[in-house]
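Secondary and tertiary structure notes
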Amino acid sequence: MKVIVALGILCCATSVGAWQTQNEPLDFSCAVFPEDLSEAGLISRYGAENVIRAPVVGADDGPIDGTVLFPDSDDRVEITWRDTENRRVPAWVRVREEGSRWSTPHGITVGDDLLGVERRNGWPFRLRAFEGEGWLWGALRSWGRGRLQNVDLGDCAIRINFLPNENGNADPMLFGQVTCGEFSSGHPAMQGLNPSVVAIWITYPLR
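These notes cover the structure that comes with them. (Residues numbered from 1 in each chain as written. Predicted model: local features only at pLDDT ≥ 70, side-chain atom pairs only at ≥ 80, totals over all residues. Heavy atoms only, no water.)

Focus on the packing of aromatic side chains
Selection rule: Aromatic contacts are taken between Phe, Tyr and Trp rings whose centres are within 6.5 Å, Trp giving its six-membered ring; a plane angle under 30 degrees counts as stacked, one over 60 as edge-to-face, and the others as tilted. Helix numbering and strand numbering both begin at the N terminus, where a helix is a DSSP run of H or I of at least 4 residues and a strand a DSSP run of E of at least 2. Only protein chains enter the area calculation, which uses a 1.4 Å probe; residues under 20% of their type maximum are buried, those over 50% are exposed, and those in between are partly exposed.
Evaluated as defined, the whole model comprises nine aromatic pairs. Between Tyr46 and Phe70, the ring centres sit 5.3 Å apart and the planes meet at 80°, which makes this aromatic pair edge-to-face. Of this pair, Tyr46 sits in helix α2 (residues 39-46) while Phe70 sits in the loop between β3 (63-69) and β4 (77-83), and the two are 24 residues apart along the sequence. In this pair, the class of Tyr46 matches that of Phe70, namely buried. Here the aromatic rings of Phe130 and Trp137 are separated by 6.5 Å at their centres, their planes lie at 50°, and the arrangement is tilted.

Regarding the nonpolar core
Here is the rule: Here, the term nonpolar core denotes a set of buried Ala, Val, Leu, Ile, Met, Phe, Trp, Tyr and Cys residues that are joined through side-chain atoms within 4.5 Å. Here, residues are in contact when the closest pair of their heavy atoms is within 4.5 Å.
Counting residues in each nonpolar core, the largest one holds 42 residues, and the members touching the most others are Phe33 and Trp102. Elements supplying a minimum of two residues to this core: α2, β4, β5 (88-95), α3 (114-121), β9 (157-163), α5 (188-193) and β11 (196-203). Counting residues per element, this core draws most heavily on β9, which supplies four residues. When near neighbours in sequence (up to four residues on either side) are disregarded, Phe33 contacts Asp27, Phe28, Leu42, Leu69, Val77, Val93, Trp102, Ile202 and Tyr204. Formed by six residues, the second largest nonpolar core is a distinct cluster that contains Val68, Trp92, Ala199 and Trp201.

As for the side chain of Ser185
In this structure, Ser185 sits in the loop between β10 (182-184) and α5. Residues in contact with Ser185, not counting those within four places in the same chain, are Leu114, Glu118, Pro124, Phe125, Leu127, Met190 and Gln191.

With respect to unusual backbone geometry
Positioned with a positive phi, Arg87 is a non-glycine residue whose angle comes to about 50°. Relative to the elements of secondary structure, Arg87 occurs in the loop between β4 and β5. Of note in the backbone geometry, Val89 takes a positive phi value of approximately 65° without being a glycine.

Topic: the sheet that holds strand β8 (residues 140-142)
So the rule is basically this: Pairing between two strands requires that DSSP report at least two bridges joining them. Angles shown run from 0 to 180 degrees and are taken between the N-to-C directions of axes, each axis being a line fitted to C-alpha atoms and, for helices, limited to the stretch in contact.
Taken in spatial order, the three strands line up as β8-β7-β10 in an open sheet, and their pairing is antiparallel. At either end of the open sheet lies a strand with only one pairing partner, and these are β8 and β10. Sheet twist, expressed as the mean angle between neighbouring strand axes with direction ignored, is 35°. Of the pairings in the sheet, the one linking strand β7 (residues 126-128) to β8 comprises two bridges and is antiparallel in character. Following the sheet pairing, Arg126 is matched in β8 by Ser142.

Any link to function would need more than the numbers given here.
Here it is in structure tokens:
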């Protein structure tokens, strides 16, 4: 009996810490972050040592009281809540660390570039210009006729933001051509800039 109990404890500990020892992608989807998600549920799944309360900066506003999963890791996830008192029902969930293992149902991760995403889609897609605030800056608008439009996301939306090279080396001549409106990823300036994914969000419908 003692052996069985010990094995059960070991299995539990292994499942909680599995994210630390595997190099496989982590599933950034509604299945993992559902509409009824709560901070208590995150603690139960990932362990209290991997979940903290901290201010997070939203799309176009100042710090918001939220929850951070894996705060000291490239796999950091930021979450804000609609029910702030009970810390449940997420308003949005976001990853934005380059090197993060979180991958969307489309197979996209932070750091993927426009040309690679376009190849994965099999067709040019549309994205917002590099202007505005919040979700709008370089935001994915449509997969066009590409294969990624057929991926089942469940009862949520995946929002993706692209940005050109952030170290200041983006060609100003190309950048100036895509600073207003909406463009195809096949636009010559977009192809030349080849912006990268800098943030991936999960958002939920209002009920």
